Amino acid sequence: MLAYVISVLSNWLYTYILVALLLAAGLYFTLRTRFVQLRMFGESFRVLREEKHEEGGVSSFQALMISTASRVGTGNIAGVSIAICLGGVGAVFWMWLVALLGGASAFIESTLAQLYKVPDGNGGSRGGPAYYIEKVLGSRGLALLFSVFLILTYMVGFNMVASYNLMDAFSGYSFFSPTTTPTVVGVVLAVLTALCIMGGSQRLSRVTGVLVPVMGGIYVLAALVMIVLHIGLLPGVIAAIFRNAFDFKAIFGGFAGSAMMQGIKRGLYSNEAGVGSAPNAAAAANVSHPVKQGLVQMLSVFIDTILICTATAMMCLCTGIVPSEELKGAPFVQESLGTVFGVIGPYFITFALLLFAFTTLLGNLFYCEGCLNYIARRTLKNKEMNVFRLFAVVVVFIGAQLQFGLVWDLADVLMGIMAIINLPVIVILGNTALKCLDDYLAQKKEG
């Protein structure tokens, strides 16, 4: 009954509210910033190389790795597969569109996070939507509501999805047992998570700074091998993506299962642009100008969707295996890699899912801890935070025991509520970020 109610709510939110809100906000900011995600793409790489402006806090690169750790997760593998298997190959186009427009939204919200951040008492800073909502709109109540839903989304919704997807990766192996495998996977992942998160946010930034680039690089390399070996199929795949993306008869005949709906859902889940999560990492960065972190977080959206999600889509679609509902999730990707790498393929995807799930859990908890500090109006002591961390570890274990529909729909609903709060706020406050962008460009022009 609970799964049914959440599924209905999810379809209603995305059918009537979020699709229009996401695309409208992304298009609005794209036009207002004069396509900042394209014209300043090269600049985002340049500012990424800068060291911390002062002692304390984290560098631009570390903030990028934390936000990318949360963005680049099991959704980049299982989520893309689900979108294609349930919505058709046209879903890939809508994922691209959400990322392209979302880059501008990510720029605005992360610049605002830098503008309205506060000292954290340990030489660094913290901030995010809760802070700019209270400071500028004067609504502590709305800021608290956003913080609560962020914690529910990332600690419960997204962490359960990460744990479930890792468990699902073992479903195709002969040793898989529906009674024991979920328990074993849940315990192992929970223990590994506990070992890392008990060290606090500084350890999180160090671990993600190593794992994310290594993990992403190896995964994209495997995808390139797959594409090169099936290069003859690539033109047909790209044509099919665009052809099916605009099959309006299919879209309006069954919107909830259409390529448009699935692509937007999984695209938003993957890159989180406009949701209000990445600004929490952006605020922690120590940079000389707020726009620099806006550009860096804009780059994170590109890495997540245009690079890694596309890698998953192409490595699956270029093999010629026909996507189906039975293959949704990890099995479709595992079977695709198996056509080239044999038995190594499924093992590689399982290992990638382990790393993706692990870094997602770490990035998610960084966001949650920032919101807990906001709610408490102070930096919580390590002993206090450890109570929350232990609860998060239990949630990771539970996620591996749940069913497909419930974990994904719950994450979609919670994430959708975050976006409904954050997107109108950044539209209201957007002019401030735009003035900041003009100031940055003027300073660059003056040298």
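Just so we're clear, the structure is a prediction, and the values are computed from it rather than from any experiment.

Take a nonpolar patch on the surface next. A cluster of nonpolar side chains, namely Leu-221, Leu-224, Val-225, Leu-229, Phe-341, Val-343, Ile-344 and Tyr-347, defines an oily patch on the protein surface of about 800 Å² accessible area. Mapped onto the nonpolar patch, the elements with two or more residues apiece are α10 (200-229) and α17 (344-376). Among the elements that line the nonpolar patch, the one with the most residues is α10, at 4 residues. As for its placement among the helices and strands, Leu-229 is situated in helix α10. Owing to a relative accessible area of 54%, Leu-229 belongs among the exposed residues under this scheme.

Moving on to empty space enclosed by the protein. Summed over the entire model, instances satisfying the criterion amount to 2 cavities of 30 Å³ or more. By volume, the largest cavity is sized at about 70 Å³. Listed by contribution, the elements that provide at least two residues to the lining of the largest cavity are α1 (2-32) and α6 (91-115). Residue composition of the lining of the largest cavity, grouped by class: 7 nonpolar, 3 polar and no charged.

Rolling a probe over the atoms, with the probe sized like a water molecule, indicates the empty space that remains. Approximately 260 Å³ is the volume found for the second largest pocket. Around the second largest pocket, the lining is made up of 15 residues, and of these Leu-86, Gln-262, Lys-265, Phe-404 and Asp-409 lie nearest the centre. Sorting elements by how many residues they give to the lining of the second largest pocket places helix α19 (residues 404-446) first, with 5 residues. Per-class residue counts for the lining of the second largest pocket are 5 nonpolar, 4 polar and 6 charged.

For the rest of this paragraph, the subject is the packing of aromatic side chains. How two aromatic rings sit relative to each other is set out by the distance from centre to centre and by the angle between their planes. Applying the stated criterion across every chain yields a total of 16 aromatic pairs. With centroids separated by 6.1 Å and ring planes inclined at 50 degrees, the aromatic side chains of Trp-96 and Phe-242 adopt a geometry described as tilted. Remark: Phe-242 occurs in helix α11 (residues 234-245) and Trp-96 occurs in helix α6; sequence separation between them is 146 residues. By relative accessible area, which is 39% here, Phe-242 ends up partly exposed. Three or more aromatic residues joined by ring pairs make a cluster, and in this case those are Phe-93, Trp-94, Trp-96, Phe-242 and Phe-246.

The next subject is the pattern of salt bridges. On inspection of all chains with the given rule, the structure shows 6 salt bridges. Here Arg-140 ties to Glu-134 by a salt bridge, and the two come within 3.8 Å at their closest N and O atoms. Looking at Glu-134, the relative accessible area reads 22%, which means it is partly exposed. A salt bridge links Arg-389 to Glu-369; its shortest N-O distance comes to 2.8 Å. Taken together, the positions of Arg-389 in helix α18 (residues 382-399) and Glu-369 in helix α17 put the pair 20 residues apart, joining distant regions of the chain. Residues Arg-389 and Glu-369 agree in their burial class; the two are buried. Look at the salt bridges and you will find they share partners, linking Glu-43, Arg-46 and Lys-444 into a network.

Rules used in this analysis
- Residues numbered from 1 in each chain as written.
- Predicted model: local features only at pLDDT ≥ 70, side-chain atom pairs only at ≥ 80, totals over all residues.
- Heavy atoms only, no water.
- Patch = residues over 30% accessible without salt bridge, like charges linked within 9 Å, V, L, I, M, F, W, Y side chains within 5 Å.
- Areas by Shrake-Rupley, 256 points an atom, 1.4 Å probe, with all protein chains shown as cover.
- Salt bridge = Lys/Arg side-chain N within 4 Å of Asp/Glu carboxyl O.
- Helix = DSSP H or I, 4+ residues; strand = E, 2+ residues; numbered from the N terminus.
- Buried < 20%, exposed > 50% of the residue type's maximum accessible area, 1.4 Å probe, protein only.
- 1 Å grid on protein atoms, 1.4 Å probe; cavity = no way out; pocket = protein on both sides within 12 Å on 5 of 7 lines; lining within 4 Å.
- Points joined across faces, edges and corners; volume = space filled by probe spheres on them.
- Nonpolar A, V, L, I, M, F, W, Y, C, P; charged D, E, K, R; others polar.
- Phe/Tyr/Trp six-rings, centres within 6.5 Å; stacked < 30°, edge-to-face > 60°.

Function cannot be read off these values alone, since they describe shape.
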